[in-house]
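Residue-level listing of the chains:
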Amino acid sequence: MLKVGDKMPQFEVVDQDGQVVRSSDFIGNGRKTIVYFYPKDNTSGCTAEACSFRDNYAALTAAGYNVVGVSKDSAKSHTGFRAKYELPFRLLADTSTEMLQAFGAWGEKKMYGKTVLGTLRRTFIFSEDGVLERIIEKVDTKNAAEQVLG
């Protein structure tokens, strides 16, 4: 699990359009980066979270943030989800879960009374230089952007 002060883990995945995205794309570009991990496209909580970032996107970018969402869904799934909800930010497809694991967003959780391995809903906020400034572990899906801005 990452700790405040750690550098952004190195990763290379594809976005909803199949474009390769690397951790280096977010470091040294003059903007802070919000990397939010969510379990699954088109589910109620994940849709509420994505729409919170969408609805507050202008405020987030005005405050100097990049926003990227990450799940283990495919790029094709992300394409549909992004279009359906008119999301203005990239969605990264980590089908191998390597990025999820590197960030500490993959692990045991309870689902329907059973312990399963899966995506842990977490938000990581990095400085312009790729240093972790904050982790939100108890994400309020309807107010996810406000949690970052507040």
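It should be emphasised that the depicted structure is a prediction, and the values quoted were computed from it without experimental measurement. (Residues numbered from 1 in each chain as written. Predicted model: local features only at pLDDT ≥ 70, side-chain atom pairs only at ≥ 80, totals over all residues. Heavy atoms only, no water.)

1. A few points about the pairing of strand β8 (residues 122-126)
Worth spelling out the cut-off: Three exposure classes are used, based on accessible area relative to the maximum for each residue type with a 1.4 Å probe and protein chains only: buried under 20%, partly exposed in between, and exposed over 50%. Helix numbers and strand numbers start at the N terminus; a helix is a DSSP run of H or I with at least 4 residues, a strand a run of E with at least 2. Paired strands are those between which DSSP finds at least two bridges.
Counting buried residues along β8, five of its five residues qualify, which places the element largely inside the surrounding structure. Because side chains alternate across β8, one face comprises the buried residues Arg122, Phe124 and Phe126, and the other comprises Thr123 and Ile125, equally buried. Note: strand β3 (residues 32-37) against β8, five bridges, orientation antiparallel. Bridge assignment links Ile34 to a residue of β8, and that residue is Ile125. Inspection of the sheet shows β8 paired to strand β9 (residues 132-136) by four bridges, in the antiparallel sense. Residue pairing in the sheet places Thr123 in a bridge with Ile136 of β9. Adjacent in sequence and paired antiparallel, β8 and β9 are bridged by five residues, among which Gly130 carries a positive phi angle near 80°.

2. Details of the environment of Tyr85
To be explicit about the condition: We call two residues contacting when some pair of their heavy atoms lies within 4.5 Å.
Residue placement: Tyr85 occurs in the loop between α3 (75-84) and β5 (90-93). Along the backbone, Tyr85 and Asn42 are 43 residues apart, and their C-alpha atoms lie at a distance of 9.3 Å. With residues up to four places along the chain from it excluded, the contact list for Tyr85 reads Asn42, Thr47, Cys51 and Arg54.

3. So, the pattern of salt bridges
In plain terms, the rule: What counts as a salt bridge is simple: a side-chain nitrogen of Lys or Arg found within 4 Å of a carboxyl oxygen of Asp or Glu.
In the structure shown here, the tally under the stated rule is seven salt bridges. One salt bridge connects Arg121 with Glu49, and the closest N-O pair in it is separated by 2.6 Å. Of this pair, Arg121 sits in the loop between β7 (114-119) and β8 while Glu49 sits in helix α1 (residues 44-55); the two residues are 72 residues apart in sequence, bridging distant segments of the chain. With a closest N to O distance of 2.8 Å, Arg54 and Asp55 form a salt bridge. Looking at Asp55, the relative accessible area reads 55%, which means it is exposed.

4. Remarks on the packing of aromatic side chains
Cut-off, in case you're wondering: The criterion for an aromatic pair is that two Phe, Tyr or Trp rings (for Trp, the six-membered ring) have centres within 6.5 Å, with stacked assigned to planes under 30 degrees apart, edge-to-face to planes over 60 apart and tilted to the rest.
In this structure the tally under the stated criterion is 13 aromatic pairs. Arranged with centres 6.0 Å apart and planes meeting at 55°, the rings of Phe11 and Phe103 form a pair that is tilted. Highlighted residues: Phe11 in the segment before β1 (12-15) and Phe103 in helix α4 (residues 98-103), separated in sequence by 92 residues. Among the residues examined, Phe11 registers a relative accessible area of 9% and is labelled buried. Look at Phe103 and you get buried, because its relative accessible area is 0%. Grouping aromatic residues by their ring pairs yields a cluster made of Tyr36, Tyr38, Phe53, Tyr57, Phe81, Tyr85 and Phe89.

Everything listed here is a matter of coordinates, which is why it stays silent on function.
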